[in-house]
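For reference, the chains in residue letters:
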Amino acid sequence: MNNKPRILGIIPARGDSKGIPNKNIRLLAGKPLIQYTIQSALLSDKLSTILVSTDCEKIINFSKQYPQIKTPFIRPKELATDNTPTIDVIQHAVKYYEKIGEVFDYICLLQPTSPFRNDDLIDKTIDKILKVKTDSLTTIRKVPDKFNPHWTFGMKDNILSVSTGEKHIITRRQDLPDRYYRDGKIYISTVEQIQKGMLLGGDIFGYINENEPDINIDTWEDWALAEKHLTDGFQ
């Protein structure tokens, strides 16, 4: 009996983008942006199925160059707007597979806007969530000290208040408690949490990931930074 968990990798890729037109298929150092994430996904031994969810025929046609990549539907337009929550896109994919009799245990979300992942990152994070048995996992990085919430402020009528709500400021950097932020590279969740409407729900494991370029491409400045990393030799 095969008890290997079934994991659906989802690459969400809208055809349109306000910040950078046609971002997901625009060439970054000679390759469509989505290609970086597709290639990362294909290096995984843990993903049972890799799906590109898109409303764009061009993205579908490009994805079909890779036989292992599935593009079984065109995402409905109402799920491809600037305001569409990611969880709705994931739930749509899960329901599609359920209708054709394919059931998964976990969802691994891979956003094309975070194109740079070490070759083993996907499988390392999958191994981790299977080992610790939490409900979800996300890759994280330490918040730089100068942005630590204990050193940031709200302001009303030019009167500052510490963001944490505490009355006293921590003065020494060494005394700051570590705080973390999501880096956008990996999100893994049980299908049960997805069905509840939660991308990160239940017990959430934070996988510290600080050995890769921290680049999420939302603006032209981000795009230029990604090009610089590639020019500097990151593959």
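Structure shown above.
Predicted, not measured: the structure shown is a model, and the values here were computed from it.

**Points about the sheet that holds strand S6 (residues 106-109)**
Phase 1 of the analysis: One open sheet holds the 7 strands; their spatial order is S5-S4-S1-S6-S10-S7-S11, and the pairing between them is mixed. Whereas interior strands pair on both sides, the edge strands pair on one side only; in this sheet they are strand S5 (69-70) and strand S11 (204-208).
Phase 2 of the analysis: Pairing analysis gives 5 bridges linking strand S7 (residues 136-142) to S11, with the strands arranged parallel. Note that in S11 the partner of Ile140 across the bridge is Ile208.

**Here's the deal with empty space enclosed by the protein**
Phase 1 of the analysis: Counting across every chain of the model gives 1 cavity of 30 Å³ or more.
Phase 2 of the analysis: Around the largest cavity sit Val94, Tyr97, Glu98, Glu102, Val103, Phe104 and Val191, which together line it.
Phase 3 of the analysis: For the lining of the largest cavity, a count of residues per class yields 5 nonpolar, no polar and 2 charged.

**Side note on the layout of surface pockets**
Phase 1 of the analysis: The computed volume of the largest pocket comes to approximately 470 Å³.
Phase 2 of the analysis: Class assignment for the residues of the lining of the largest pocket results in 6 nonpolar, 10 polar and 7 charged.

**Details of the packing of aromatic side chains**
Phase 1 of the analysis: Within the structure shown, the criterion is met by 6 aromatic pairs.
Phase 2 of the analysis: Taken together, a centroid distance of 6.0 Å and an interplanar angle of 65° make the contact between Phe62 and Tyr66 edge-to-face.
Phase 3 of the analysis: Using a relative accessible area of 11% as the deciding quantity, one classes Phe62 as buried.
Phase 4 of the analysis: According to the relative accessible area criterion, Tyr66 is buried, its value standing at 15%.
Phase 5 of the analysis: Seen from their ring centres, Tyr96 and Tyr97 are 5.1 Å apart, and the 85° between their planes marks the pair as edge-to-face.
Phase 6 of the analysis: The class for Tyr96 is partly exposed, based on a relative accessible area of 25%.
Phase 7 of the analysis: Since its relative accessible area comes to 3%, Tyr97 is described here as buried.

**Observations concerning the pairing of S7**
Phase 1 of the analysis: Burial analysis of S7 places 6 of its 7 residues in the buried class, the great majority of the element.
Phase 2 of the analysis: Across 6 bridges, S7 lies against strand S10 (residues 180-190) in antiparallel orientation. Of the residues in S10, the one forming a bridge with Leu137 is Ile188.

**Here we look at the pattern of salt bridges**
Phase 1 of the analysis: Evaluation of the coordinates by the stated rule reveals 14 salt bridges.
Phase 2 of the analysis: For Lys46, the salt bridge goes to Asp127, with nearest N and O atoms at 3.2 Å. Taken together, the residues Lys46 in the loop between helix H1 (33-42) and strand S4 (49-53) and Asp127 in helix H4 (residues 121-132) connect sequence positions 81 residues apart.
Phase 3 of the analysis: Residue Lys46 is classed as partly exposed on the basis of its relative accessible area, which comes to 28%.
Phase 4 of the analysis: Taking relative accessible area as the criterion, Asp127 reaches 37% and is therefore assigned partly exposed.
Phase 5 of the analysis: The partner of Lys124 in a salt bridge is Asp120, and the shortest N-O contact between them spans 3.3 Å.
Phase 6 of the analysis: Salt bridges sharing common partners tie together Lys142, Asp145, Arg173 and Asp178.

Reading the values: the criteria
- Residues numbered from 1 in each chain as written.
- Predicted model: local features only at pLDDT ≥ 70, side-chain atom pairs only at ≥ 80, totals over all residues.
- Heavy atoms only, no water.
- Pairing = 2+ DSSP bridges.
- Helix = DSSP H or I, 4+ residues; strand = E, 2+ residues; numbered from the N terminus.
- 1 Å grid on protein atoms, 1.4 Å probe; cavity = no way out; pocket = protein on both sides within 12 Å on 5 of 7 lines; lining within 4 Å.
- Points joined across faces, edges and corners; volume = space filled by probe spheres on them.
- Nonpolar A, V, L, I, M, F, W, Y, C, P; charged D, E, K, R; others polar.
- Phe/Tyr/Trp six-rings, centres within 6.5 Å; stacked < 30°, edge-to-face > 60°.
- Buried < 20%, exposed > 50% of the residue type's maximum accessible area, 1.4 Å probe, protein only.
- Salt bridge = Lys/Arg side-chain N within 4 Å of Asp/Glu carboxyl O.

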